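# Report on the structure
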Amino acid sequence: MFLWIVGVLSLYVSLPFVKFLRSDAVSWHDRYVPRGNFTEWVHAQNSIALERLLDNFIDENGAILASPSRNEPDYYYQWVRDSAIVVNTLVKQLPAIEQNLQYDQLVHRRILQFLNNSFVLQRLDNLSGKGVPTSIRGLGEPKFNVDNTQFNENWGRPQNDGPPLRIITILNYLQHLNNTGKQIDHIITHNAKEGFLPFKVTKDIFDNILFWDLQFIVDEWKSENFDLWEEVRGHHFFTSVMQLYAIERTLPIAKQNHLLRKKFVESLVDTRHKIREFILDNRTGFISKSANHIISCPEIYGKRSGLDIATILASIYTHDGSNTSEHLDLFHVDNRYILNTLYGLTESMSDLYPINRENERHSKKHNLAAVALGRYPEDVYDGVGISEGNPWYLATAAAAEHMYKLARKFIEDEKSIPISPNDEFWKFIIETNSKDKFDVKYHSHAFNETIKSFVALGDSFLDKIRLHVADDGSMSEQINKYTGYNQGASDLTWSYGSYLNAYQAREEILAYLSH
Ligand code: NOJ
Ligand code: NOJ
């Protein structure tokens with residue numbers, strides 16, 4: 001006997017969906033976000049997120065501010081990671097944006113500026129190393145000033161996730177152009193001005209930008225470096241998975257179009273194999289017999305639980321749309337280690353952050369749903385300095401995206417859902433006394449209910465965001481764990497990008513469910 005715990009929350013699941021970005025769209029600035037009703041809010045918040053994300057570009061050179069905040073904290077810089085991630089979000093929005101002329105030209109220009117800035121930053125000497133072609137070490141530099149000069153203060157460097165994230169974003173853009181019959185040289189010529197992108201065709205982008213970031217992965221994949229949270233030197237699941245995926249995405253494109261030299265392609269194939277073995281090897285410690293979830297950074301396992309939203313980010317950033325990857329299936333959204341990571345984070349944070357405890361009032365059964373998530377349970381960064389950690393918007397939106405993608409995965413697979421009560425994740429979905437594994441048969445009533453539960457669980461995370469965004473819909477980096485108000489860097493670009501990603505994944509699964 002089992003029953004669906006979050007099924008009751010399915011009141012959030014609204015059909016049919018309204019198309020976002022209407023052509024009569026007006027600015028959301030200085031307006032209240034309609035938070036009274038989840039369905040109305042979820043669409044309005046999407047327009048707000050896009051508008052505010054686009055506000056964070058420096059107009060003249062297209063550098064992307066991590067946040068406009070200039071003090072407490074000073075985030076008025078461009079981070080390689082944040083920029084690549086949010087531009088990737090914009091690339092994914094392009095099909096919708098192109099139907100609506102409001103942002104079409106602007107977004108293409110921003111993406112070209114991103115290419116241009118990538119080219120320029122790769123060539124800057126910095127405290128991680130000399131720029132290319134002298135050295136590729138400089139590519140590990142995590143952040144730069146917004147005028148494209150190097151940042152010369154102490155920092156957790158190098159951070160080796162920047163180059164692979166940049167590769168993925170650029171390839172997604174090229175793929176989008178290809179899918180829609182657009183030519184990069186045409187787009188470049190159209191936007192050309194003095195000093196802008198000294199090249200034109202896809203092959204140039206491979207030779208001048210992608211090649212270097214790939215070479216960086218080939219040379220540096222095994223080196224210790226700082227994690228995406230810029231705090232710990234070691235090896236990081238997120239970074240290794242992004243490196244593997246960047247190569248995985250490159251190979252078919254490069255081989256088909258002879259965009260890279262044969263010898264170099266061979267070294268990529270070899271590196272892919274090595275990174276994959278490294279990630280799976282028990283001695284590395286991402287996967288350990290002593291834990292049911294991924295250990296984010298093995299070097300500090302024990303001091304920390306290993307639970308980290310970065311693991312969920314690794315999974316959702318590498319499982320996007322129709323791009324499948326045989327070498328990454330192991331870290332797909334339905335992988336048990338990935339699912340148990342989400343469960344572990346949610347369980348610990350439902351207790352850790354007082355704003356989550358109000359759930360208890362609703363019903364015991366909802367205990368684990370509707371939780372605002374932070375980076376990792378042991379976090380002490382409060383957005384300005386060190387005290388106590390808080391929930392983060394991007395972490396909470398990532399959990400929602402994970403659940404929407406999980407629903408989609410099972411529908412697309414057209415297979416039964418294998419449920420193992422030993423994997424804690426399933427406590428979210430079903431209540432059962434049995435320890436036996438069982439399958440929820442494809443197309444059965446139970447299957448449909450399970451899918452709906454995933455979507456409802458996703459919505460419960462977004463619903464936490466609904467409660468805590470400012471009245472005008474703005475999102476900072478964090479949510480104060482006691483008061484529920486915005487905390488830390490204001491208008492964090494990555495927060496908006498994460499919301500857009502979650503919303504898009506939600507629209508996609510709802511479209512599936514409606515036919
Ligand atoms: C700033 C970093 O970006 C953040 O991730 C970190 O937690 C704090 N510094 C504290 O070191
Ligand atoms: C702190 C985060 O830990 C890091 O991941 C991010 O790159 C910077 N803030 C800038 O947003």
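Below is a summary of the structure that appears in this document. In this text, all values refer to a predicted model and were calculated from it rather than measured experimentally. Per chain, residue numbering runs from 1 following the sequence as it is written. For naming, the first written chain is A and the first written ligand is 1, with later ones following in the order written. Where totals are concerned, whole chains, interfaces and linings use all residues; where local detail is concerned, this predicted model gives features only for residues with pLDDT of at least 70, and gives and counts side-chain atom pairs only at 80 or more. Side-chain descriptors were evaluated using all non-hydrogen atoms of the structure, hydrogens and water having been removed beforehand.

### A short note on the nonpolar core
Rules: Among buried residues, those of type Ala, Val, Leu, Ile, Met, Phe, Trp, Tyr and Cys that are joined through side-chain atoms within 4.5 Å constitute a nonpolar core. Here the term buried applies to any residue with accessible area under 20% of the maximum for its type, exposed to any over 50%, and partly exposed to those in between, with areas from a 1.4 Å probe on protein chains only. Counting from the N terminus, the helices are the DSSP runs of H or I reaching at least four residues and the strands are the DSSP runs of E reaching at least two. Contacts were defined at the residue level, with two residues in contact if any of their heavy atoms lie within 4.5 Å.
Ranked by internal contacts, the top residues of the largest apolar core, which has 154 residues, are Trp-229, Leu-313, Phe-425, Trp-426, Phe-454 and Leu-462. Ranked by residue count, the leading element in this core is helix 13 (residues 393-413), at 13 residues. Leave out the neighbours within four places in its chain, and Leu-313 touches Leu-228, Trp-229, Phe-238, Leu-394, Ala-398 and Trp-494.

### What about the site of ligand 1?
As a reminder, the rule being used: We call a residue near a molecule or strand as soon as one heavy atom of that residue lies within 4 Å of the molecule or strand. Nitrogen and oxygen atoms within 3.5 Å of one another constitute a polar contact, given that in protein one can donate a hydrogen and the other can accept it, and given that sequence-neighbouring residues count only through two side-chain atoms. Per-residue and other accessible areas were derived by the Shrake-Rupley procedure at a 1.4 Å probe size, with only the shown protein chains allowed to occlude residues.
Around ligand 1, the neighbouring residues are Trp-229, Glu-230, Glu-231, Arg-375, Tyr-381 and Ile-386. A distance of 2.6 Å is found between an oxygen atom of ligand 1 and a backbone nitrogen or oxygen belonging to Trp-229. Glu-231 places a side-chain nitrogen or oxygen 2.3 Å from an oxygen atom of ligand 1. For ligand 1, the accessible surface in isolation is 290 Å², of which the surrounding protein chains cover 74%.

### Some remarks on the packing of aromatic side chains
Using the following cut-off: Within 6.5 Å between ring centres, the rings of Phe, Tyr and Trp (the latter by its six-membered ring) count as paired, and their orientation is classed by plane angle as stacked under 30 degrees, edge-to-face over 60, tilted in between.
Summed over the entire model, instances satisfying the criterion amount to 25 aromatic pairs. Residues Tyr-75 and Trp-79 carry aromatic rings whose centres are separated by 5.4 Å and whose planes lie at 50° to one another, so their mutual orientation is tilted. Here Tyr-75 falls in the buried class, since its relative accessible area comes to 11%. For Trp-79, a relative accessible area of 6% corresponds to the buried category. A centroid spacing of 5.5 Å and a plane angle of 65° characterise the contact between Phe-119 and Phe-199, whose relative ring orientation is edge-to-face. One end of the pair, Phe-119, is in helix 3 (residues 104-122); the other, Phe-199, is in the loop between helix 5 (184-191) and helix 6 (202-220), and 80 residues separate them in sequence.

### Topic: the site of ligand 2
Taken together, 13 residues surround ligand 2, and among them Tyr-75, Arg-81, Asp-82, Leu-228 and Arg-375 come closest. One nitrogen or oxygen atom from the side chain of Asp-82 is found 2.5 Å from an oxygen atom belonging to ligand 2. Within the backbone of Leu-228, a nitrogen or oxygen atom sits 2.6 Å from an oxygen atom of ligand 2. Protein chains shield 97% of the accessible area of ligand 2, which is 290 Å² for the free molecule.

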